[in-house]
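This is what each chain is made of:
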Amino acid sequence: MPPTTNKGLLPMRPVPNTCHGPSASSSSAYSHDTGIEPDNFGPGARRPSTANPLRVACCAGNCLPLRRHQKHPFPVDDDDEGEFSEDMSELAIEEEKRASVYEASKRRASLGRRLRRASLTLIRGIGRRDRRSSEPAVDYDDYRPTTAHSTWNRLLQATPFRHPRTSHGERSVLETIHSPFKSTFPELPVPGHGFAPPIIPQNTGAAAKAAAAMQNEYLAFTRQHYLSTDEFNDRESGIGIAVTSGEAGDDIKMGEDFTVARVNFISELPRELSIQILAYLDAAQLGAASQVSRLWNQVIQDPYIWRQSFLREKTHTYATSLPVQPGVGAGVPALRPGNDWQNIYRAREELDRRWKSGAQARAIYLNGHLDSIYCLQFDENKIITGSRDKTIRIWDMRTQQCRLVIGPPEVVNETSILFDPNGKPIHYASSLDNHRSNPSVPVTVSFPVHHKASILCLQYDDDILVTGSSDSTCIVYSVKSGYRPVRRLQCHTAAVLDLAFDEKHIVTCSKDITICVWDRETGSLIKQLRGHTGPVNSVQLRGNTIVSCSGDFSVRLWNIDSAKTIREFAGHTKGLACSQFSEDGKYIASAGSDKVIRIWDANTGECIRDIPAHDNLVRSLHFDSVSGRLISGSYDTDIKVFDVETGEQILNFPRWHASWVLSAKCDYRRIISTGQDPKILIMDFGADVPEIQLLESARKYEVACDAGFI
C-alpha cells in the first residue's frame, strides 16, 4: 500500500529527473548483480564490453542512496518539512535494509549454485586429462558468450579467480592439456584447464545435470581403465591387482565392442594336434567345420577324427554297466585298420533317424514252420526259432534262407517239412504283397536226444544252445559242433515255460510253479526255488539274482545263494505272462493279462511307471538296455515300441501279424517277431541305408562243418 504520514496518504506522483531502473526482484537485476559495491563505479571502472552504457549509467544512478538527491520528489509545506524529511529518511533506511537483506540472501544462494556447478566441472575436467599427450592451445574466448546475461558472466563474477590480461588487452591463454572432448564451443560443458574456468553452455538449466552425467561417465571410464591396466601392479607379489566381484563387471557398458581374437589354429598347429582337437566334434559339427576352407576339409577327412567322434557319440547306453564294446553286434564295428569311419558314422546317423520316424522299416516274412512259433533269438548272422511243430530252425540273416532243421525223426523225415504238394520249397521270404523270394531247402537232422513236444523257449550264445519244451525237459546243444546235443536237463514235472543262462548258471521255470537253477558246466541241479502259487511264465538272470513272474499276479526277486525271495513287486491285477531284467540289474519290466506294462526299480521295489499298452494280453517283452527301447507284443496282434525313460510310445505296428504275437525282440537295426501264424516277421530299419553293412561285426564262421549242416 502507499506510504502514509500523520498528515495522510503520500501522493504517488512520479519523481522528476529520476531514472527508474529495474526492481531488485526482476531478472535484469539478477543478471546485473555483480556483487560489487556501487561506490566502486567510477571513471576507471571496467564494465562488460557489450553492456549498454546508457543502461549502465541508469543502473549506477539508481544504486545511489536517496539522500544524494537534491530535490524532493514532490512539494511540501514548510511546517511539515522537518517531519516529512524525518519520515522519508526512515522509510528510505527501512527500504534499503530490506533490499540489502534480500540481495544478500539471493547472492548467497546464487553463488552456492554456481560454485557447485563449477566444482563438478572442474573435477570432471581435471580427472579426464591425459597427461601423456597434448595438443595446441585453443583460445576459448572465441567460443565464450560475451553478453552480460550469459552463464559465463555470472560464473566469472561468482568465482575468485580471474584471467589476467596481456599487454595487448587480451586474456592470456595457457596451453591446454589434451581432453577426450572436442575443443569446439560445446552443447555440453567443457572442463577447465589449469586456472581457466570451465565453459558452460547457454542453456543453463541442464548444465548441472550434464556435468553430473559426464562425471559419472568419467568414473565408469576410469574404473574400467584401472581394472584393465597393470601399470601399477606388482606382478610378483600381487600388490595392486584389482579383485572384483561379479557385480563390479555390471558397471561396465554392455554395448562396448570387445574384439575377439580369431586364429586359424589348423594352419598354425601341427597336424597331429589339430586332429586331436577336431576329434571332440560330433558329425554335424564336423560337417560344418569341413566347409571352412580346403585345408580344414582335408584335415577333417582323417579317419582318426571320425573314429573317435563315433565311439564317443554312439556307444552310450541306457542301462548297461559299460559302454557298447566294438565288435559285439550292437552296431559298433570291430576296430579294424581299414574301417571307413566317416561312412560308418553316416550310416548310423541315418539308421537312428529311421528308428525315430518308423516309416521306413521294410517288412520281410520268413516262411517254413508248420505251426505257431513260440520263441526266437537272433544276431547279425542268424535267427533261431522254436515252434509248436517240435522243430528248431536256424535261418541265415543275410540271405534270409533256412539252413538247418532239428527235430524228432518222425517230423524231419517227412517230405512235407521241405516241400509243398506242388513240389515247391516251403522255406522262402515274402514281402507285404506276398511276393516270394530266396527259396531254400535246408538240411534236416534228428539226434538221439531230442524234444518230443513243442519248443516253448530257447537261448544261445557262442558256445551253447539251450531249449525248453512242453515235454518238461531242457536240452543243451553245442553250437561249435554243429548243434549236437550235449545233455538233457530233467527235473520239472510240467512244461518248461522259460529259461535263461549266463557263464555259470542255467535257470528254468515251469508250469509246476518252481524255478530250477542248474550248473552250466556239469548240468547238475543246484537249487529249486519255491514261492509262486501259479505257473512261472518267465525268468531272467543277472549275476546272483533272478527275476520271475507268475500267473499269481506277482513279480519276485530271488537270491540264488539263499534260494529265497528278496522282494515281491505287487501292483498287477491279473496273471503275468512276461518279465524282463535290464542288463545292469536296475530295472524290471513286467506285463500280462491286465494289458499294462509296469517298470519297477529293482532296488527299492517302487513302480516307476505304468504304461497302458495294449487291448489284450501282453505276451512278450524285450528290454533293450543299450537304446532304452521296450518292445512289446500282444494278443491284439500289435507290436509297439516304448521309451523306458519317459514311458511314451515311440512306434506302433498294428496287425502286422495275422494272429497273436508270441515273441518280439530287437537289436540296433531290426525288430523280429513271431506269432500264432507260422511266420517270422523282420522289420528292418537299415534296409537300403547306404553302407549299412559297415556297422556289422565281422561275420563269424558257423562251426558246423563236422556235420556238414551249414
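Everything that follows concerns the structure shown earlier in this document.
Residues numbered from 1 in each chain as written. Predicted model: local features only at pLDDT ≥ 70, side-chain atom pairs only at ≥ 80, totals over all residues. Heavy atoms only, no water.

1. A short note on the pattern of salt bridges
Per the counting criterion, the structure on display carries 18 salt bridges. A salt bridge links Lys382 to Asp379; its shortest N-O distance comes to 3.0 Å. On the accessibility criterion, Asp379 (22% relative accessible area) is partly exposed. The shortest N-O distance in the salt bridge between Arg393 and Asp389 comes to 3.2 Å. Each member of the pair Arg393 and Asp389 is classed as buried. (Salt bridge = Lys/Arg side-chain N within 4 Å of Asp/Glu carboxyl O. Buried < 20%, exposed > 50% of the residue type's maximum accessible area, 1.4 Å probe, protein only.)

2. Side note on helix α10 (residues 303-313)
Listed as buried for α10 are Ile305, Trp306, Ser309, Phe310 and Leu311. The elements touched by buried residues of α10 are α7 (271-278), α8 (283-289), α9 (294-300) and α11 (341-357). Where α10 begins, the side chain of Asp302 points an oxygen toward the backbone nitrogen of Tyr304, at a separation of 2.9 Å. (Helix = DSSP H or I, 4+ residues; strand = E, 2+ residues; numbered from the N terminus. Contact = heavy atoms within 4.5 Å. Polar contact = N/O pair within 3.5 Å; in protein donor to acceptor, adjacent residues only side chain to side chain.)

3. Focus on the sheet that holds strand β31 (residues 661-666)
To summarise the sheet geometry, strands pair through backbone hydrogen bonds and adopt either a parallel or an antiparallel arrangement. Pairing is antiparallel in the open sheet, where 6 strands are placed in the order β9-β8-β3-β33-β32-β31. With one partner strand each, in any of the chains shown, β9 (436-440) and β31 form the two edges of the open sheet. Within the sheet, the average angular offset between the axes of one strand and its neighbour, ignoring direction, is 20°. Relative to strand β32 (residues 670-675), β31 runs antiparallel, the two sharing 5 bridges. Within the sheet, the bridge partner assigned to Ala664 lies in β32 and is Ser673. (Pairing = 2+ DSSP bridges. Axes fitted to C-alpha atoms, helices over the stretch in contact; angles between N-to-C directions.)

4. Topic: the environment of His450
Mapping His450 onto the fold places it in the loop between β10 (443-445) and β11 (455-460). Note: C-alpha distance between His450 and Thr467 (17 residues apart in sequence) is 10.0 Å. The contacts of His450, once residues within four sequence positions are left out, are Pro408, Pro409, Ile475 and Arg488. Separated by 2.7 Å, the side chain of His450 and the backbone oxygen of Phe447 make a polar contact.

5. What to know about the pairing of strand β19 (residues 536-542)
Most of β19 is tucked away: 5 of the 7 residues are buried. For β19 and strand β20 (residues 545-550), the ladder comprises 6 bridges, and the chain directions are antiparallel. For Val539, the partnering residue across the bridge sits in β20 and is Ser548. Joining the antiparallel neighbours β19 and β20 is a turn of 2 residues, in which Gly543 adopts a positive phi near 65°.

6. A closer look at unusual backbone geometry
Backbone geometry at Ala563 places phi at a positive 60°, although glycine is not the residue there. Along the chain, Ala563 falls in the loop between β21 (555-559) and β22 (564-569). If you check the backbone angles, Lys595 has positive phi at about 70° while not being a glycine. As for its position among the elements, Lys595 is in the loop between β24 (587-592) and β25 (596-601). The partly exposed category is assigned to Lys595, whose relative accessible area is 34%.

7. Section: the nonpolar core
Where a protein is soluble and globular, its nonpolar side chains tend to be buried together. By size, the foremost hydrophobic cluster in this structure holds 41 residues, and its most contacted members are Phe310, Ile639, Phe653, Ile671, Phe685 and Leu695. Filtering out sequence-adjacent residues up to four positions away, Ile671 remains in contact with Trp355, Ile631, Ile639, Val641, Phe653, Lys665, Cys666, Leu681, Ile682, Met683 and Phe685. Phe378, Ile383, Val412 and Ile682 belong to the second-largest nonpolar core, a separate cluster that totals 18 residues. (Core = buried A, V, L, I, M, F, W, Y, C linked by side-chain atoms within 4.5 Å.)

8. What to know about a nonpolar patch on the surface
Among the surface-exposed residues, Leu269, Leu273 and Ile277 lie close enough to one another that they form a single nonpolar patch of about 230 Å² accessible area. Take Leu273: it is sitting in helix α7. Since its relative accessible area comes to 45%, Leu273 is described here as partly exposed. (Patch = residues over 30% accessible without salt bridge, like charges linked within 9 Å, V, L, I, M, F, W, Y side chains within 5 Å. Areas by Shrake-Rupley, 256 points an atom, 1.4 Å probe, with all protein chains shown as cover.)

9. Some thoughts on α7
Among the residues of α7, Ser274, Ile275 and Leu278 are the ones counted as buried. An end-on view of α7 places all buried positions within 100° of arc, on one side of the element. Turning to α7, the residues buried within the fold contact α6 (265-268), α8, α9 and α10. (Arc of directions from axis to C-beta.)

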